[in-house]
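# Examining the three-dimensional arrangement
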Amino acid sequence: MPNARRNGAAADADTESENGYRVGLQASHRGEHTALQTLNTALEMSLARGDAKGAALASAALLIGGQVRSNYRRFPEHIARLAIVRDRDFSWLDRDEELVALAGLVAGLLFFAPADPFLEPHVERIMTLLELNLDVNARFAAGRLVMYYSEPREMRALGQRVYSLLRPSMEREDLTPHRLGHWLVFWARVARYAKEPQQAQQAEQQARRLAEDHKLQDVLFWLAVIDVYRSLPERNLAQAERGLVAAEAVADPAHLGDMLRLEFLKTKVARMKGQGDRAVFHAS
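Everything numeric in this text was worked out from a predicted model, so none of it was measured.

A few words now on the overall build of the chain. Helix and strand content of the chain: 15 helices and 0 strands. In summary, the chain has a C-alpha radius of gyration of 21 Å against a globular reference of 19 Å for 284 residues, a match within 12%. Once the C-alpha set of the chain is aligned to its principal axes, its extents read approximately 80 × 40 × 40 Å. Here the chain holds 284 residues, and 47% of them are scored as buried.

Moving on: unusual backbone geometry. With a phi close to 55 degrees, serine 70 is a non-glycine residue in the positive phi region. Locating serine 70 in the fold gives a position in the loop between helix H3 (52-69) and helix H4 (75-81). On the basis of relative accessibility, which here comes to 15%, the residue serine 70 falls in the buried class. Its identity as a non-glycine residue notwithstanding, lysine 195 has a phi of 60 degrees, on the positive side. Its location among the elements puts lysine 195 in the loop between helix H10 (177-193) and helix H11 (197-214).

In this section: the nonpolar core. Core analysis: the largest hydrophobic core is formed by 84 residues, its most contacted members being Tyr21, Leu82, Ile126, Phe140, Leu180 and Trp183. Broken down by element, the residue count for this core peaks at 10 residues, all from helix H6 (residues 95-112). In this structure leucine 82 touches Ala56, Ala60, Leu63, Ala101, Gly104 and Leu105, once residues within four positions along its chain are discounted.

What follows deals with helix H12 (residues 217-231). Compared with the 21 Å implied by 1.5 Å per residue over 15 residues, the 21 Å span of H12 between its first and last C-alpha is a close match. Among the residues of H12, those classed as buried are Val219, Leu220, Phe221, Leu223, Ala224, Val225, Ile226, Asp227, Val228 and Ser231. Where H12 is buried, its residues meet H10, H11, helix H13 (237-250) and helix H14 (256-272).

Our focus in this paragraph is the packing of H6 against helix H7 (residues 119-130). When two helices pack together, their arrangement is given by the angle between the helix axes and the distance between those axes. For the pair H6 and H7, interaxial distance at closest approach is 10 Å and the crossing angle is 145 degrees. Regarding H6 and H7, the two cross each other, and that crossing is left-handed. Each of Arg95, Glu98, Leu99, Leu102, Ala103, Leu105, Val106, Leu109 and Leu110 in H6 lies in contact with H7, whose residues at this interface are Leu119, His122, Val123, Arg125, Ile126 and Leu129. Per-class residue counts for the contact of H6 with H7 are 11 nonpolar, 1 polar and 3 charged.

By volume, the largest pocket amounts to about 630 Å³. What lines the largest pocket is a set of 27 residues, and nearest its centre among them are Leu36, Gly65, Gly66, Arg69 and Asn71. Within the residue set of the lining of the largest pocket, elements represented by two or more residues are helix H2 (34-48), H3, H4 and H14. The biggest single contributor to the lining of the largest pocket is H3, with 6 residues. Class assignment for the residues of the lining of the largest pocket results in 9 nonpolar, 12 polar and 6 charged. Of the voids in this model, the second largest pocket is the one considered here, and its volume is about 540 Å³. Taken together, 20 residues line the second largest pocket, and the ones lying closest to its centre are Arg189, Tyr193, Trp222, Ile226 and Tyr229. Broken down by secondary-structure element, the contributors of at least two residues to the lining of the second largest pocket are H3, helix H8 (136-150), H10 and H12.

What follows concerns the side chain of asparagine 137. Inspection of the secondary structure assignment puts asparagine 137 in helix H8. Only 2.8 Å separates the side chain of asparagine 137 from the backbone oxygen of aspartate 174, close enough to count as a polar contact. Asparagine 137 has contacts with His29, Asp174, Leu175, Thr176 and Arg179, leaving out every residue within four places of it along the chain.

Summed over the entire model, instances satisfying the criterion amount to 21 salt bridges. Taking the shortest distance from any N to any O, the salt bridge between arginine 22 and glutamate 18 comes out at 3.4 Å. With arginine 22 and glutamate 18 both in helix H1 (residues 2-29), this residue pair falls 4 residues apart, about one helical turn. For glutamate 18, a relative accessible area of 41% puts it in the partly exposed group. For aspartate 116, the salt bridge is made with arginine 86, and the minimal N-O distance between the two is 3.0 Å. Here aspartate 116 is found in the loop between H6 and H7, whereas its partner arginine 86 is found in helix H5 (residues 83-86), with 30 residues between them in sequence. Given a relative accessible area of 17%, aspartate 116 falls into the buried group. On the basis of relative accessibility, which here comes to 24%, the residue arginine 86 falls in the partly exposed class.

The rules behind the values
- Residues numbered from 1 in each chain as written.
- Predicted model: local features only at pLDDT ≥ 70, side-chain atom pairs only at ≥ 80, totals over all residues.
- Heavy atoms only, no water.
- Helix = DSSP H or I, 4+ residues; strand = E, 2+ residues; numbered from the N terminus.
- Rg over C-alpha atoms; globule rule 2.2 N^0.38 Å.
- Buried < 20%, exposed > 50% of the residue type's maximum accessible area, 1.4 Å probe, protein only.
- Core = buried A, V, L, I, M, F, W, Y, C linked by side-chain atoms within 4.5 Å.
- Contact = heavy atoms within 4.5 Å.
- Expected span 1.5 Å × (residues − 1).
- Axes fitted to C-alpha atoms, helices over the stretch in contact; angles between N-to-C directions.
- Left-handed = near helix turned anticlockwise from the far one by under 90°.
- Nonpolar A, V, L, I, M, F, W, Y, C, P; charged D, E, K, R; others polar.
- 1 Å grid on protein atoms, 1.4 Å probe; cavity = no way out; pocket = protein on both sides within 12 Å on 5 of 7 lines; lining within 4 Å.
- Points joined across faces, edges and corners; volume = space filled by probe spheres on them.
- Polar contact = N/O pair within 3.5 Å; in protein donor to acceptor, adjacent residues only side chain to side chain.
- Salt bridge = Lys/Arg side-chain N within 4 Å of Asp/Glu carboxyl O.

Printed below as a string of structure tokens:
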């Protein structure tokens, strides 16, 4: 009887941890701040009972969410817990889970080990999974990270292939505005660098409408940042100041990444105005 109780308690803990991961992942897809705490709790529960796969999935979701929020806290720890992704003997029974795990590891390696030889085969595997009818939010999260991988390497064909695979799913009702909005912002960047200004403009317009309709302040912030950057080559001060005001209006004071970028933008605008001392102040 005691063994039965212990086994029952262990099964309950497994279920609670798995449910916590799934609830946290869905909250992350919606861009909710509660996702971080829920996923961290699921991670600690998985670690406590020695569940390597559960810990890897929670870490992967935290890496994906952290990259979107420019919050890289504990990234090396999360990357280490995704060692099973590199294990050729480990078999994923759930393709949705495999996609999340791969996307999380790619998110971590892009910032902490960009020359890692595993990056290329991981990205190739993600591209294979993007062709399947898997969780639409996981597909858009992973697709965005593949574009993040492809752009600095000037792999423009890869970015276009991501767009081709995901474009038909943009109207899906289960695709969250958060995932779509961030994907559109980065797709616009990829299209612009690929000298496709019409595609870029269309993506930005879609992202802006979506962000305004759903009050996605983080997406509106990125669009404002883009407006300031775009003003710099032509020294368009009016556009730069409009973008800066818009960025300040939606920036999250609790988000250090937003505050850092605001100071950087203020540095650029001050230099454009010839205000050297103010530029140095914001830069410091």
